[in-house]
Every structure is written in structure tokens, then in C-alpha cells.
Amino acid sequence: MATNLALDQDLLDRAFQVSGEPTKKAAVTRALQEFIARREQRRVAELFGQLDWDSGYDDKAERARKS
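Residues numbered from 1 in each chain as written. Predicted model: local features only at pLDDT ≥ 70, side-chain atom pairs only at ≥ 80, totals over all residues. Heavy atoms only, no water.

Asker: Could you clarify how one ought to interpret the overall build of the protein chain in this entry?
Answerer: Scanning the protein chain for helices and strands turns up three helices and zero strands. Listing every helix and strand of the protein chain by position from the N terminus yields α-α-α. Here the C-alpha atoms of the protein chain give a radius of gyration of 21 Å, more than 25% beyond the 11 Å that 2.2 N^0.38 yields for 67 residues. When the backbone C-alpha atoms are referred to their principal axes, the protein chain occupies close to 55 × 30 × 25 Å. Of all 67 residues assigned to the protein chain, the portion counted as buried reaches 6%. Surface exposure of the protein chain reaches about 6,800 Å², of which carbon and sulfur atoms provide 52%. Averaging the coordinates of the 12 positive side-chain charges in the protein chain and doing the same for the 12 negative ones gives two points 4 Å apart. (Helix = DSSP H or I, 4+ residues; strand = E, 2+ residues; numbered from the N terminus. Rg over C-alpha atoms; globule rule 2.2 N^0.38 Å. Buried < 20%, exposed > 50% of the residue type's maximum accessible area, 1.4 Å probe, protein only. Areas by Shrake-Rupley, 256 points an atom, 1.4 Å probe, with all protein chains shown as cover. Lys, Arg positive; Asp, Glu negative; His and termini not counted. Charge placed at Lys NZ, Arg CZ, Asp CG, Glu CD.)

In C-alpha cells, the structure reads:
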């Protein structure tokens, strides 16, 4: 999908430097992928302490169990 964006040139230059991507498209695609991944990770991290843990669950026994 072709899209025209007015990007901050300083940000784009930094994105090229830190990502090593050869094109604007690749740099922007990488930035979007990493942005999405970080937001998804933040949502998972917010769940810590909110879920009930089954104290009787034996993870080692479950790993040893054959499917």
C-alpha cells in the first residue's frame, strides 16, 4: 500500500543509523514492528500480579508428562 508521510528527517536519519536498514521503507517497517512488539510486551507485563496462580501446579511434572 503506497502511503505518503511527512517524516521528521532527524528521526529517520537516526532510525537508519541504529537499525542498519538500507531504505526508508525498511526502516519505517522495522520501527513499526518494534513499536508493536513493545506495546504488546507492556500489556503482558501489566498482567503480572493480576492473575491467580495455582499453588498446586507442578510445572516439572507437566513437562515430564507425555502428550
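Having seen the model, we can carry on.
Asker: Would you take a moment to explain a nonpolar patch on the surface for this structure?
Answerer: On the surface, L32, F35 and I36 cluster together into a nonpolar patch covering about 300 Å² of accessible area. Mapped onto the fold, L32 is located in helix 2 (residues 24-46). (Patch = residues over 30% accessible without salt bridge, like charges linked within 9 Å, V, L, I, M, F, W, Y side chains within 5 Å. Salt bridge = Lys/Arg side-chain N within 4 Å of Asp/Glu carboxyl O.)

Asker: Explanation requested: a positive patch on the surface in the structure shown.
Answerer: Together, R38, R39, R42 and R43 make up a region of like positive charge exposed at the surface. With respect to the element layout, R42 can be found in helix 2.

Asker: Where do I start with the packing of helix 1 (residues 9-19) against helix 2 in this structure?
Answerer: For any two helices packed against each other, one specifies the crossing angle of their axes together with the interaxial distance. Direction vectors running N to C along helix 1 and helix 2 enclose 80°, while the axes themselves pass 10 Å from each other. Judged on the interaxial angle alone, helix 2 and helix 1 are roughly perpendicular. From helix 1, L12, A15, F16 and S19 reach across to helix 2, where they touch K24, A27, V28 and R30. For the contact of helix 1 with helix 2, the residue count by class is five nonpolar, one polar and two charged. (Axes fitted to C-alpha atoms, helices over the stretch in contact; angles between N-to-C directions. Parallel < 35°, antiparallel > 145°, perpendicular 65-115°, else oblique. Contact = heavy atoms within 4.5 Å. Nonpolar A, V, L, I, M, F, W, Y, C, P; charged D, E, K, R; others polar.)

Asker: Before we go on, may I ask you to explain helix 1 in this structure?
Answerer: What sets the pattern is the α-helix's 3.6 residues per turn: residues three or four places apart point alike. Residue D8 occupies the N-cap position of helix 1, its side-chain oxygen lying 2.8 Å from the main-chain nitrogen of D10. Phi turns positive, to about 75°, at G20, one or two residues after helix 1. (Polar contact = N/O pair within 3.5 Å; in protein donor to acceptor, adjacent residues only side chain to side chain.)

Asker: Where do I start with the pattern of salt bridges in this structure?
Answerer: Two side chains that carry opposite charge are able to pair once their charged atoms sit near each other. A full pass over the atoms with the stated rule returns two salt bridges. Across the pair R30 and E21 runs a salt bridge, and its minimum N-O distance is 2.7 Å. With its nearest N and O atoms 2.7 Å apart, the salt bridge here joins D59 to R63. Of the two residues, D59 and R63 are both situated in helix 3 (residues 59-64); the distance of four residues between them amounts to about one turn of the helix.

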